[in-house]
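The lines below spell out each chain.
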Number of protein chains: 2
Amino acid sequence: MVGIKDVARQAGVSVGTVSNVINRPDLVAEETRTRVQSVIARLGYVRSESARQLRAGASRIMALLVLDMGNPFFVAVASGAERTARAAGLGVMVCNSAQSVSEEREYLSLFAEQRVRGVLVTPADPTGRSLDGLRSQGIPFVLVDRVSADPSVCSVSVDDVAGGRLAVQHLVAAGHRAIVYVGGPPEVTQVHDRKAGALAALAEAGLPASALTEISAERLDVAAGRDAGSRLLGLGHRPTAVFCANDLLALGVLQAMFAARISVPDEMAIVGYDDIEFAAAAAVPLTSVRQPAVAMGRLAAEMLLEETVGDPADHRHRQTVLQPELVVRGSSLPGR
Amino acid sequence: MVGIKDVARQAGVSVGTVSNVINRPDLVAEETRTRVQSVIARLGYVRSESARQLRAGASRIMALLVLDMGNPFFVAVASGAERTARAAGLGVMVCNSAQSVSEEREYLSLFAEQRVRGVLVTPADPTGRSLDGLRSQGIPFVLVDRVSADPSVCSVSVDDVAGGRLAVQHLVAAGHRAIVYVGGPPEVTQVHDRKAGALAALAEAGLPASALTEISAERLDVAAGRDAGSRLLGLGHRPTAVFCANDLLALGVLQAMFAARISVPDEMAIVGYDDIEFAAAAAVPLTSVRQPAVAMGRLAAEMLLEETVGDPADHRHRQTVLQPELVVRGSSLPGR
DNA sequence: CGACGGAGGTGAAGCGATTCATTCACACCT
DNA sequence: AGGTGTGAATGAATCGCTTCACCTCCGTCG
């Protein structure tokens, strides 16, 4: 494997000069520079990041740890973060905790060993204890799609209460009075907040909280949604509308309705959450609460870059909360 | 930042001993070992991968470069590869070339600088020239979902000709005689091979090649499929069946049919390719050619591990070709 | 009693880059 | 002529770890 010394020898200069050619080319005389560069090309020299990093103390990689790569929402977050990081010259390592606290721990300690420049993370561990390792190593991190109680922790999230409210306001305005909320594991903040928003919307409309029934799905994926859909049909008093904690669940519910030959939206309106690409692509296009996923990834990465690249002194920790937006489509528009 | 020397000092041993405690604990006396371990815990020491790696010469990371993270097919490949690599103690860096040759180049040179242990890649560059960098650095790689003409290049792929044949055999058996193939950019091997399979099926059934019309989509995503769907409806002689080069296109076509109030499958049968999760979840569940995506990721990672971890001498380069499988669902089953 | 061996530890050499104080050559000024 | 300033290049120190040759005890055996 060819190293900087080989290049120096071949070019008849010192290693310091080769390093300068690579990192501060303006310090090197034109003639020497081109000579060295041609030797680099000829030998196919590739500098070793590990050596560089050892001296520098920190790597040029930003880590992104998401809850579920099977959810296109997180894929969108990742793409926003990635574009931003790469524009700043950092590589991105995308990892998937699959909602498992132990996977999360493993990844975070891997990141610490790698001395990554910073971490974007949607924590699986509700206690937030997993992040202590990063803290004690002095590795900056930004929470994505989650707010911390601690004001010294940066975060970018979307107002889930507002989102839940938007969804149910829409259903109430369309005349629905018996609505089901398909939620998930209650320790997931999002699931909780979206329901709170739904209840708030009912209250504001002067409707009783009993107008909303909750069905809790095992996980937040399509299969669980299908299951919730059939449970929903078994309810004594069949509702006329469903609001789902995410689009994967909503797609599952939609499929269950189709299997039971229940017309959507005429007999059952459905509203999802996230507005993933497949929501619009469903054969009954799904009304959904759009989260600015790409923007969230971008903002989080920008925040991290600010803390990590710029002068840490002039970085103010902050919590950014974005607003969701209702996208109305066929699944909640009767009479079309 | 606390280093191995701090630990050594605090524990009253030499750095060599601390290193042994971490890497070969059986060489250290019980008492010393526990003492060192407790100091490590107390100081919150985290070893530096870059230093370790600098000595070792290679990192403990496997890279995976896919064509499109927005396609759940690749997400599945990634999850298979990841599980395998992590079981072997390697971290995985998943990156997305987004079909761009220049992005691909950038990532590959990033990998080379990182001295990653190996690379799994679905190349975007049809010339295969992008991989020369890895070759000259001696970084092993395995092609995923692609076969190389060069027998010294490992690969894991699925027989796309067989897949195309399965799809069209199925449609022909159901009586379809006017079939549209929705393909994509012709330089994509998969698109080409699947069509070749389709034509082979027609020939075997004694039907003329003219029974298959091709519509070429700009890209391989849902929006392009929607577009292809409406173009399809504008054809003079309307076909009775569509075979799409992937499920994203098929979902788009399905949506176009729905918008035009054309019944699927009665007026138009649809067959997709990949069998992504959203295929089964579509309101008209999609018949699709299933690719063993997770297995492909797993096999590719195993192949790479064999070359990279074991003795390279007893590694035989090989090309594994898996067989696809037809999954019949509602979108091609009339009379239900 | 001295040689031997094994267990437990030590400490210095290196991995491949970056960086910085230093040296060198040369032109310019007084 | 001597001093000075400048642009260019040098080479040694350093980052944090692993590894390996070597050292020290101490019990055992011939």
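Preceding this section is the structure that the text describes.
Conventions used here
Residue numbers run consecutively from 1 along every chain, following the written order of its sequence. Think of it this way: whatever chain is written first is A, whatever ligand is written first is 1, and the rest follow in order. Whole-chain, interface and lining totals are the exception, using all residues; otherwise, since this is a predicted model, local features are given only for residues with pLDDT of at least 70 and side-chain atom pairs are given and counted only at 80 or more. The basis for every side-chain value is the complete set of non-hydrogen atoms in the structure, without hydrogens or water. Helix numbering and strand numbering both begin at the N terminus, where a helix is a DSSP run of H or I of at least 4 residues and a strand a DSSP run of E of at least 2. Accessible area is worked out with a 1.4 Å probe on protein chains only. A residue is then buried under 20% of its type maximum, exposed over 50%, and partly exposed in between. A least-squares fit on C-alpha atoms brings the copies together, and the residues used are those whose pLDDT is at least 70 in both copies. The criterion used for residue contact is that any of the two residues' heavy atoms lie within 4.5 Å. When at least one non-hydrogen atom of a residue lies within 4 Å of a molecule or strand, that residue is treated as near it. Identification of polar contacts relies on pairs of N or O atoms within 3.5 Å, with a donor-acceptor requirement for protein atoms, meaning one able to donate a hydrogen and the other able to accept it, and with residues adjacent in sequence counted only if both atoms are side-chain atoms.

1. Here's the deal with unusual backbone geometry
All names here are of chain A.
Then, in step 1: Pro265 follows Val264 through a cis peptide bond whose omega is 10 degrees.
Then, in step 2: Position of Pro265 relative to the elements: it lies in the loop between α11 (247-259) and β9 (269-274).
Then, in step 3: In the Ramachandran plot, Ala98 falls in the positive-phi region, its phi being about 50 degrees despite a non-glycine side chain.
Then, in step 4: Secondary-structure assignment places Ala98 in the loop between β2 (91-96) and α6 (101-114).
Then, in step 5: Judged by its relative accessible area of 47%, Ala98 falls in the partly exposed class.
Then, in step 6: Of note, the phi angle at Gln99 is positive, near 65 degrees, even though the residue is not glycine.
Then, in step 7: Turning to its location among the elements, Gln99 is positioned in the loop between β2 and α6.
Then, in step 8: Relative accessible area serves as the criterion here: at 38%, Gln99 is assigned to the partly exposed category.

2. Brief notes about the relation of the copies chain A and chain B
Then, in step 1: For the pair chain A and chain B, the relating rotation is 180 degrees, the translation along its axis is 0.0 Å, and the fit reaches an RMSD of 0.1 Å. Here the copies are linked by what is in effect a two-fold axis.
Then, in step 2: Here 100% of the contact residues of chain A are again contact residues in chain B; the copies associate through an equivalent surface.

3. Observations regarding the protein's contact with DNA strand C
Then, in step 1: Lining the immediate environment of DNA strand C, one finds 22 residues, of which Ile4, Ser19 and Arg55 of chain A together with Thr32 and Arg55 of chain B sit closest.
Then, in step 2: Near the protein, within 4 Å, the atoms of DNA strand C are sugar or phosphate in 63% of cases.
Then, in step 3: Asn23 of chain A is positioned such that a nitrogen or oxygen atom in its side chain is 2.9 Å from a phosphate oxygen of DNA strand C.
Then, in step 4: At 3.0 Å, a side-chain N or O of Arg52 of chain A approaches a phosphate oxygen of DNA strand C.

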